[in-house]
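Examining the three-dimensional arrangement
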Amino acid sequence: MKPAPFAYHAPAQLPELLELLADDLSDVRVIAGGQSLVPMMNFRLAAPEVLVDLRRVPELRGLRWAPDGALTVGAAVTQAQLLRDRRACDAFPVLAEGIRHIGHPQIRSRGTVCGSLAHHDPHAELPALALALDARMTVASAQGVREVPADDFFVSYYEVALEPGELLTAVTFPAQPADAGWAFRELARRRGDFALVGAVAGMRAVGGAAAGTRLVLFGVGDRPRRIAAVEQLLDGAAPAERLGEVPALVVAAIDPVSDLHASAEYRREVAGELAVAALAEAWERARGRGEDQR
Amino acid sequence: MTDPIPITVTVNGAEVAAEVPPRLLLSDFLRRHAGLTGTHVGCEHGVCGACTILLDGEPQRACLVFAVQADGARITTVEGLADPDGALHPVQRAFHEAHGMQCGFCTPGFLMTTVALLERTPEPTEEELLDALAGNLCRCTGYRNIVAAARRAQQALAAGAGVPAAAGAEGRGDGEA
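Remember, it's a predicted structure, so these values are computed and weren't measured experimentally. (Residues numbered from 1 in each chain as written. Chains lettered and ligands numbered in written order. Predicted model: local features only at pLDDT ≥ 70, side-chain atom pairs only at ≥ 80, totals over all residues. Heavy atoms only, no water.)

**Focus on the pattern of salt bridges**
Summed over the entire model, instances satisfying the criterion amount to 25 salt bridges over all chains. Measuring nitrogen to oxygen at the nearest pair gives 3.2 Å for the salt bridge that ties Arg108 of chain A to Asp131 of chain B. Of the two residues, Arg108 of chain A is situated in helix H6 (residues 105-108) and Asp131 of chain B in helix H4 (residues 126-133); the pairing between them involves two chains. Linking Asp222 of chain A and Arg225 of chain A is a salt bridge whose minimum nitrogen-to-oxygen distance equals 3.0 Å. Shared partners join several salt bridges into a network, and the residues in it are Lys2 of chain A together with Asp28, Arg32 and Glu44 of chain B. (Salt bridge = Lys/Arg side-chain N within 4 Å of Asp/Glu carboxyl O. Helix = DSSP H or I, 4+ residues; strand = E, 2+ residues; numbered from the N terminus.)

Encoded structure:
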């Protein structure tokens, strides 16, 4: 199908772009890669009156590194661009591992990191990765700039903490401990599909025990969820002795829905399995990394 | 407000200028304005991959890009793969030799996807090859020969089969027809 008519602007400066977004009389949408928005427009599930394209704004392009190792990804950076950056893949291996599950090469070469975050499909990889990695969102409007932690950014299905007139200009991933081990697992019916359920796990190995454990599940409700009960269970313990208790804690913490693709019951069972598999792999990697450091 | 916007796109090395409504899809721009009907339109919502083209060297779905977003871009379509004298691109030759098609509707998309893959990943693993091709659908389900054709193309390129000057992600479309 063909999209409904709309007006199109591709300003070259950020202030000009934010002025266009501040128009509260029209239905204005930002377009970056458009890999979620254009299909919705082609189906006429979305029919914005004005599209503001951010492709010409120089400060939204590229990756920036802070002296402390934090990585800032501008709003125009595609998923493929991040995957091609060796330093980013080395510093955040789980980010690369997760992004490789997004769609297909033709999608990743146009779809942006920030676009996926702002779209917030709760079955998508990037919101879960941002939550697991304690990412910070930089949000700008004509009134100014603010930072939003990932945990406050994802509100509910396709809803984020962006007010009308605001743009997600960048996401910052804080540096991770060099000895942290991470793992990513997801189950999808076909290669490239959104996950039925997925898990992101990370931890450090300190003297045979887990430390700083992180577990995020996605596809299990209205937004990605940190499973604090599992994190507390494993911290200070040898994971092998405790993993058997993980599925019950996971099931208690999530609220998946039944839909065309899977029943809620199935999702609960898979969530437990994927959590255990991701945690076990993260532990193995953390142990390997810990030994490398010695 | 929804008035036509002037754009210039370099398609297979030739500049194509037109005034287009913002809602015009790049796939329709290529077919109607550039007169290149080799880019096939299947699903029009980014699932089938038949409209895959190279945009600034990267494989993308032309049905998920508005033509106005491609203003100033360099595009290669399936028509840009062969030499002007008709000599096929090694990937096209491999699809011909390995019978990597049945009805042929999906073929332009598979060709562009394979060209893009082998440029960046000359020796893809089985996993990488299948992952790259998974974004293209063949309704005839002739996947085995398509995978075989991609492998054959890989071997031909590794053995030094010539890539026509007009094709390829780097230097493609730098002014020559």
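**Looking at the interface of chain B and chain A**
Of the residues lining the interface, 33 residues belong to chain B; the matching set on chain A comes to 34 residues. Carbon and sulfur atoms make up 52% of the surface buried where chain B meets chain A, a total of about 2900 Å² over both sides. Among the residues chain B hides against chain A, the three largest losses belong to Arg23, Leu64 and Gln69 of chain B. Together they make up 24% of the total. Joining chain B to chain A, the criterion identifies six salt bridges. The salt bridge involving Glu44 of chain B is made with Lys2 of chain A; its shortest N-O contact spans 2.4 Å. (Contact = heavy atoms within 4.5 Å. Buried area = accessible area lost by both parts, 1.4 Å probe.)

**Regarding the nonpolar core**
Core analysis: the biggest nonpolar cluster contains 55 residues, and Leu95, Leu117, Met137, Val171 and Val200 of chain A have the highest contact counts within it. Ranked by the residues each element gives to this core, the list is headed by helix H8 (residues 125-132) of chain A, at six residues. If we skip the residues at most four places from it in the chain, Val171 of chain A touches Leu71, Thr72, Val73, Val113, Cys114, Leu117, Ala135, Arg136 and Met137 of chain A. The next biggest cluster of nonpolar side chains, apart from the first, holds 35 residues, and it includes Ala46 and Leu51 of chain A together with Ala70 and Ile75 of chain B. (Core = buried A, V, L, I, M, F, W, Y, C linked by side-chain atoms within 4.5 Å. Buried < 20%, exposed > 50% of the residue type's maximum accessible area, 1.4 Å probe, protein only.)

**Points about the sheet that holds strand S4 (residues 58-61) of chain B**
Residue and element names in this part refer to chain B. Taken in spatial order, the five strands line up as S2-S1-S5-S3-S4 in an open sheet, and their pairing is mixed. Only two strands of the sheet have a single partner each, and these edge strands are strand S2 (14-20) and S4. Strand-to-strand twist in this sheet, taken as the mean axis angle between neighbours without regard to direction, amounts to 40°. Of the strand pairs in this sheet, strand S1 (residues 5-11) and strand S5 (residues 74-76) are connected by two bridges, and their pairing is parallel. When the sheet's bridge partners are listed, Thr10 is paired in S5 with Arg74. (Pairing = 2+ DSSP bridges. Axes fitted to C-alpha atoms, helices over the stretch in contact; angles between N-to-C directions.)

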